[in-house]
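Coordinate inspection notes
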Amino acid sequence: MRILIVDDEPRHLRGMVHLIGRLRPEDQVVTAKDGLAAMELVKSQRPEAILTDIRMPGMDGLEFLERLKVEGVRTRVVMVSAYNLFEYAQKAVRHGAYDYLLKPVETDKIADVLSRIDLLLTEEKEQYREEEERQHRLKLASSAYLSRLMLSWLNGGAALEELEELERYEWLQGSGAAVYSELKYGRDSGGGPDSSLFVRALEQAWCKWGDAITVPLGGMLEEGLLAAVTLVTLERLTPENREQARSISRSLAAEWASAGQLAHGIGPECQSLLAEAPRSYLAARTANSYNFYDFRQGLLFADELGSAAGAVAPDWGRVYEALFMEDAALVQEACLEAVCQLAEGGQASPMRLKEQASLMLLQIRSDHQDLLGKRAGQILTDTATLLIHSCRSYGELIDLLNHALREVHLALALSRQDKGEAVIAECLDWIEHHTKENITLERTAELFHFNPSYFSTLIKSKTGKTFSEHVTAARMKRAKELLAGEQLRIYEISLECGFQDTKYFCRVFKKVHGLSPKAYQHVRSQRKREI
């Protein structure tokens, strides 16, 4: 407790300071020699209890007490006097003194009066705290009721008696506009930013534009999102106050940048907020959805949207073609071109743009499900049905599409690679069973539906040998089998292996096996006899 002692006699002043210091060492004590000095200390120190002499020069205790009353200072004043006169005590009480003590002051009496004052102060603080809480609860209840009333009205669900209640708010009779604001924060950031601070910040900011009231939106909002609507009184949307709105938007975005991405949509001006604010509010919500396009920079007026948005038909042809090309960059290029065309410079409905992108991915999955692996198929499904729906910006949509299409491109490339290996195995088996025929690259490529040049390159890249080397190897293998049988002559074996020229056959056989056909047959026969 802060205590002021006022006395013009130094001995009495020191004695009182010493006594209180001994009784209540935790209290803060200041002193004054007269009423005038005491008034200055009252203003700077705000004592909770004052012990003052009555008879003092300059301003006596009773005048000092009257002055405190005039100044509106609320404190407990105890008059301390050497005069045991009823008249003094009566005047002191009439001027608002808390108690009256006689000098020399007894220790137990000063202790008692200070204890009583301390108890009163504690009770007053508790009452003040309870009153503050009560007022806060009333304010919250009133604010919550007003919020529910306004949201019901803005969404077109207000009853007649609720509309009559809104008519009591005079500022709703004037002109203005609705501002719809969304703060998108990380879905994994716990409870997210404080909603009450968000609403307060919006209201304070838009008050610079006109008289404003902000109402929080709750209910079915998606995770990671705070939203509110602000009604602002304006005469009309001039170029000057549009620019002011953009300045307010930029300031708010910077203030809340650490919490998330803040964007606003502003509805058309209303001649009467009471009559037209619901329409302006819905238009503001629609306008805000177009902040999906990053270049909007977080603010869009409803009248800045074109009337023919979303008229372009989707054309994903180049994307489908690029998926079967070797260069993955062509897929991203085709995707960006198609999405950019559908976006119509930011005039197309973000919802429609997402729907078309999702349908494109689902179509790819349907058309190529036999070629796509489990991973690519699942990525297509998740991206089309979940991720695209919840993505928050044009840039994020492009990233999602590019990621999904990269997986598809890779899966299709692997599928083609596997198919090529199977075809080559089938081709080599065919060669082994047709060594007697005239086997050419062109004929074989046509048989397996390939371009000859590509077929030749494919065989070389997959096996390390050329087509001709595979044909020769198959024929030489067949020649060894026939020579081992010892039933055919050399020229007959040559014909069976596709060689019309026996000498040429012999040269090729010797080059491959190191022996002529005749020598190979002789060596083999000798080994059989030795066994």
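It should be noted that the structure appears before, not after, this text.
All of these numbers come straight from a predicted model, not from anything done at the bench.

A word on the sheet that holds strand S5 (residues 99–102)
The strand order across the open sheet formed by 5 strands is S2-S1-S3-S4-S5, and the pairing between neighbours is parallel. Each edge of the open sheet carries a strand with a single partner, namely strand S2 (28–32) and S5. The mean inter-strand angle of the sheet, taken between neighbouring strand axes irrespective of direction, is 20°.

A few points about the pattern of salt bridges
Under the definition given, this model contains 20 salt bridges. One salt bridge connects Asp303 with Arg242, and the closest N-O pair in it is separated by 2.5 Å. Separated by 61 residues along the polypeptide, Asp303 in the loop between strand S10 (299–301) and helix H10 (317–322) and Arg242 in helix H8 (residues 239–255) bring together distant segments of the chain. On the basis of relative accessibility, which here comes to 52%, the residue Asp303 falls in the exposed class. For Arg242, a relative accessible area of 19% translates into the label buried. Of the charged contacts, one joins Glu333 and Arg318 as a salt bridge, the two residues approaching to 3.6 Å between their closest N and O atoms. A residue pair is termed long-range when its members are at least 10 positions apart, and Glu333 in helix H11 (residues 328–343) and Arg318 in helix H10 qualify at 15 residues. Using a relative accessible area of 37% as the deciding quantity, one classes Arg318 as partly exposed.

Considering the sheet that holds strand S6 (residues 176–184)
Read across the open sheet, the 5 strands follow the order S7-S8-S6-S9-S10; overall the sheet is mixed. The open sheet has two edge strands, strand S7 (212–217) and S10, and neither has a second partner. Ignoring which end each strand starts from, the neighbouring axes of this sheet average 20° apart. In this sheet, strand S9 (residues 261–266) lies alongside S6 in antiparallel orientation, the contact comprising 6 bridges. Bridge pairing in S9 places Glu182 opposite Ala263. This element, helix H9 (residues 273–289), spans S6, S7, strand S8 (225–233), S9 and S10 of the sheet and lies at about 35° to S6.

Here we look at the packing of aromatic side chains
Tallied over the full model, the rule gives 11 aromatic pairs. Here the aromatic rings of Phe509 and Tyr520 are separated by 5.6 Å at their centres, their planes lie at 70°, and the arrangement is edge-to-face. One end of the pair, Phe509, is in helix H19 (residues 502–513); the other, Tyr520, is in helix H20 (residues 517–530), with 11 residues separating them in the sequence. Aromatic rings pair up to connect Phe499, Tyr504, Phe505, Phe509 and Tyr520 into one cluster. The ring of Phe301 carries the charged tip of Arg242 above its face, separated from the ring centre by 4.7 Å.

Details of the side chain of Arg392
By the element assignment, Arg392 lies in the loop between helix H13 (374–390) and helix H14 (394–432). Using a relative accessible area of 15% as the deciding quantity, one classes Arg392 as buried. A polar side-chain atom of Arg392 sits 2.8 Å from the main-chain carbonyl oxygen of Tyr185. Engagement of the side chain of Arg392 in a polar contact is seen with the backbone oxygen of Gly224, the distance being 2.9 Å.

Points about the nonpolar core
Core analysis: the biggest nonpolar cluster contains 40 residues, and Val339, Leu353, Leu361, Leu397, Leu401 and Leu405 have the highest contact counts within it. Of all elements in the fold, only H10, H11, helix H12 (350–367), H13 and H14 reach the threshold of two or more residues within this core. A total of 10 residues in this core trace back to one element, the largest contributor, which is H14.

So, the environment of His368
Locating His368 in the fold gives a position in the loop between H12 and H13. Contacts of His368, omitting those with residues within four sequence positions, involve Phe324 and Leu412.

Concerning the packing of helix H17 (residues 467–485) against H19
To describe two helices that pack against each other, one gives the angle between their axes and the distance between the axes. At a closest axis distance of 11 Å, the pairing of H17 and H19 adopts a crossing angle of 95°. Taken together, the axes of H17 and H19 are roughly perpendicular relative to one another. For the pair H17 and H19, the contacting residues are Thr472, Met476, Ala479, Lys480 and Leu483 in the first and Phe505, Val508, Phe509, Val512 and His513 in the second. Across the contact of H17 with H19, the residue classes tally to 7 nonpolar, 2 polar and 1 charged.

Quick notes on helix H1 (residues 10–23)
Here H1 contains 14 residues, and its C-alpha end-to-end distance of 20 Å stays within 8% of the 20 Å for a straight helix at 1.5 Å per residue. Of the positions making up H1, those classed as buried are Leu13, Met16, Leu19 and Ile20. One face of H1 carries all of its buried residues, which in axial projection span an arc of 135°. H1 presents Arg11, Arg14, His18 and Arg22 as exposed residues on the side facing more than 90 degrees away from its buried surface.

Criteria and cut-off values
- Residues numbered from 1 in each chain as written.
- Predicted model: local features only at pLDDT ≥ 70, side-chain atom pairs only at ≥ 80, totals over all residues.
- Heavy atoms only, no water.
- Pairing = 2+ DSSP bridges.
- Helix = DSSP H or I, 4+ residues; strand = E, 2+ residues; numbered from the N terminus.
- Axes fitted to C-alpha atoms, helices over the stretch in contact; angles between N-to-C directions.
- Salt bridge = Lys/Arg side-chain N within 4 Å of Asp/Glu carboxyl O.
- Buried < 20%, exposed > 50% of the residue type's maximum accessible area, 1.4 Å probe, protein only.
- Contact = heavy atoms within 4.5 Å.
- Phe/Tyr/Trp six-rings, centres within 6.5 Å; stacked < 30°, edge-to-face > 60°.
- Lys NZ or Arg CZ within 6 Å of the ring centre and 35° of its normal.
- Polar contact = N/O pair within 3.5 Å; in protein donor to acceptor, adjacent residues only side chain to side chain.
- Core = buried A, V, L, I, M, F, W, Y, C linked by side-chain atoms within 4.5 Å.
- Parallel < 35°, antiparallel > 145°, perpendicular 65-115°, else oblique.
- Nonpolar A, V, L, I, M, F, W, Y, C, P; charged D, E, K, R; others polar.
- Expected span 1.5 Å × (residues − 1).
- Arc of directions from axis to C-beta.

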